[in-house]
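Each chain is listed here by its residues.
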Amino acid sequence: MTNLLNRRMRVLATGAAMALLLAAAPAALAATPADTLVQAWAIDDIITLDPGEAFEISAAEMTANTYSKLVELDIADTSKVVGDLAESWTVSDDGMTYTFKLKSGLKFASGNPITAADVAFSFERAVKLDKSPAFLLTQFGLTGDNVTEKAKAADDTTFVLVVDKAYAPSFVLNVLTSTVASVVDKALVMEKAKAVTPTAEYKYDTDFGNEFLKTGYAGSGPFKIREWRANEVVVMERNDNYYGEKPTLNRVIYRYMKESAGQRLALENGDVDVARNLEPGDIEAVSKKDGIAITSAPKGTVYYFSLNQKNPNLAKPEVVEAMKYLVDYDAIGETLIKGIGTIHQTFLPDGQLGALNDKPYKLDVAKAKELLAKAGLPDGFSVTMDVRNTQPVTGIAENVQQTLAQAGIKLEIIPGDGKQTLTKFRARQHDIYIGQWGSDYFDPNSNAETFTYNPDNSDEGKTKTLAWRNAWDPTDLSAKTQAALLEKDADKRAAIYQDLQKQVLATGPFVMIFQQTEVAGYSSKLKNYKLGPSFDTNFVSAVTKD
């Protein structure tokens, strides 16, 4: 209790304006300080801020702004990867050994030097913790038993990664831009690590700092995490040990606000600098206000609802197809996602290699009834849908509830915050789940793998892709997805992904709805506020404030 009180006092000690900003009640807000960027955003999906465990949209933005990686996506040209901690890298002739040379004079926020040993440790802990994003690294053949040999420091400035197959180099490098590849401060993390008793499931005697990093920080990015309070606030502060161009702002605050109307009011009153969850009507309204600007960016994020194949009704092929004919895509596009998305029915977002823009489905209740009758369900059935209580997913769920009813399907909507719905979904305990999937890295495999790859469909399966979460076992597609990783000819690789999309479109238990266009309203006091092409490229270090 004493530590908690001390921590609260440190937050309040930054001044009266800061104290008001962190107050829970919107009415208590004050004008934002000149050295602080305040963003209103629905951050209720955050479960942890440990980059070795975090696998949520909001958490990825926090880690992207506070941790560094070997390489990062080139925002100016998303077909390229550029160095972050790495100054240069080479790939061996056999395509299986990647050697990275680190820049000199690098430091963590703690002041500790960044060495190749820290990089190797970061890979080791992610693989051994084996949390949700670990498969991004283990797909290269890394295991708890071999990771210290396959991902190791040759010297203080040289890190060597040995993969198990001659993958397309662009694929490997793009994976290393994902947040699970963030580099953590080994000395600090192990100082904070907790001893654990090994079990059959977890054979290590340390938690590798996992408990500490849920709310703590051990990175080297332009900002450092100061505090996270679930469903309330995330506070980041400038890292004065950052090796790149240091931010002008002293701090960035993410305030949890889920309602569009509340965000709009706070933005108009100057209580926040940025509103991130505005609905179409509120976007239009604030765009006409003096002192407020609108920015947008197409995202590699798709929205969908998925059908758990453990449910015997949802496992019927005719029901899967019927569901795709019971969505009023036109109405959703014209109202609920106007300006914030475009109807998109395939799993690869526009802009990625091999993406298709096929839209074969439209609302056709008669066709759906015919399919339900073939499935032996002429009178429909009852089913539940887990829905995060934010827009536009709530509105889409209610719209789908109405169209399903026209075919006799009684849909019960179960609302919850992001953490609740995700936890249930990841445990395969849902019937239908409506959510969003953002590419973990800018390569088509990121989406192809999660929608089509499931090597072990048992509840004990370790590769917990979206296919696994929905108990779908697409054996043939899994093999094709893996083959695409070894194809170095871009045109041939694109053709494989096009075939995969067509098959998922026809038979997969995923009803793809739209691709996101992220929109934010922001104060004209801000300069250089931009949204990136992916959920983990909304960088704020360049933002300044008049």
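A short note on the nonpolar core
Point 1. Counting 59 residues, the largest nonpolar core has F123 and F159 as the members making the most contacts within it.
Point 2. Top element by residues in this core is helix 4 (residues 116-129). It accounts for six residues.
Point 3. Excluding anything up to four places from it in sequence, F159 contacts L70, Y98, T99, F100, A116, V119, A120, F123, A151 and K152.
Point 4. Membership of the second largest hydrophobic core comes to 56 residues, among which are A40, L267, V272 and L314.

Quick look at the packing of aromatic side chains
Point 1. Considering all chains together, one arrives at 24 aromatic pairs under this definition.
Point 2. Residues Y304 and F510 carry aromatic rings whose centres are separated by 6.3 Å and whose planes lie at 75° to one another, so their mutual orientation is edge-to-face. Pair noted here: Y304 is in strand 12 (residues 292-307) and F510 is in strand 17 (residues 510-523), with a separation of 206 residues, a long-range link.
Point 3. Given a relative accessible area of 2%, F510 falls into the buried group.
Point 4. The side chain of R276 reaches across the aromatic face of W41, ending 4.0 Å from its centre.

Some remarks on the pattern of salt bridges
Point 1. The tally for this structure, following the rule as stated, stands at 30 salt bridges.
Point 2. Here D77 ties to K80 by a salt bridge, and the two come within 3.7 Å at their closest N and O atoms.
Point 3. Overall, the relative accessible area of 27% leaves D77 in the partly exposed class.
Point 4. Looking at K80, the relative accessible area reads 46%, which means it is partly exposed.
Point 5. Sharing partners across several salt bridges, the network here consists of E61, R276, K299 and E518.

Parameters at a glance
Residues numbered from 1 in each chain as written. Predicted model: local features only at pLDDT ≥ 70, side-chain atom pairs only at ≥ 80, totals over all residues. Heavy atoms only, no water. Core = buried A, V, L, I, M, F, W, Y, C linked by side-chain atoms within 4.5 Å. Buried < 20%, exposed > 50% of the residue type's maximum accessible area, 1.4 Å probe, protein only. Helix = DSSP H or I, 4+ residues; strand = E, 2+ residues; numbered from the N terminus. Contact = heavy atoms within 4.5 Å. Phe/Tyr/Trp six-rings, centres within 6.5 Å; stacked < 30°, edge-to-face > 60°. Lys NZ or Arg CZ within 6 Å of the ring centre and 35° of its normal. Salt bridge = Lys/Arg side-chain N within 4 Å of Asp/Glu carboxyl O.

Remember, this is a structural readout, not a statement about activity or role.
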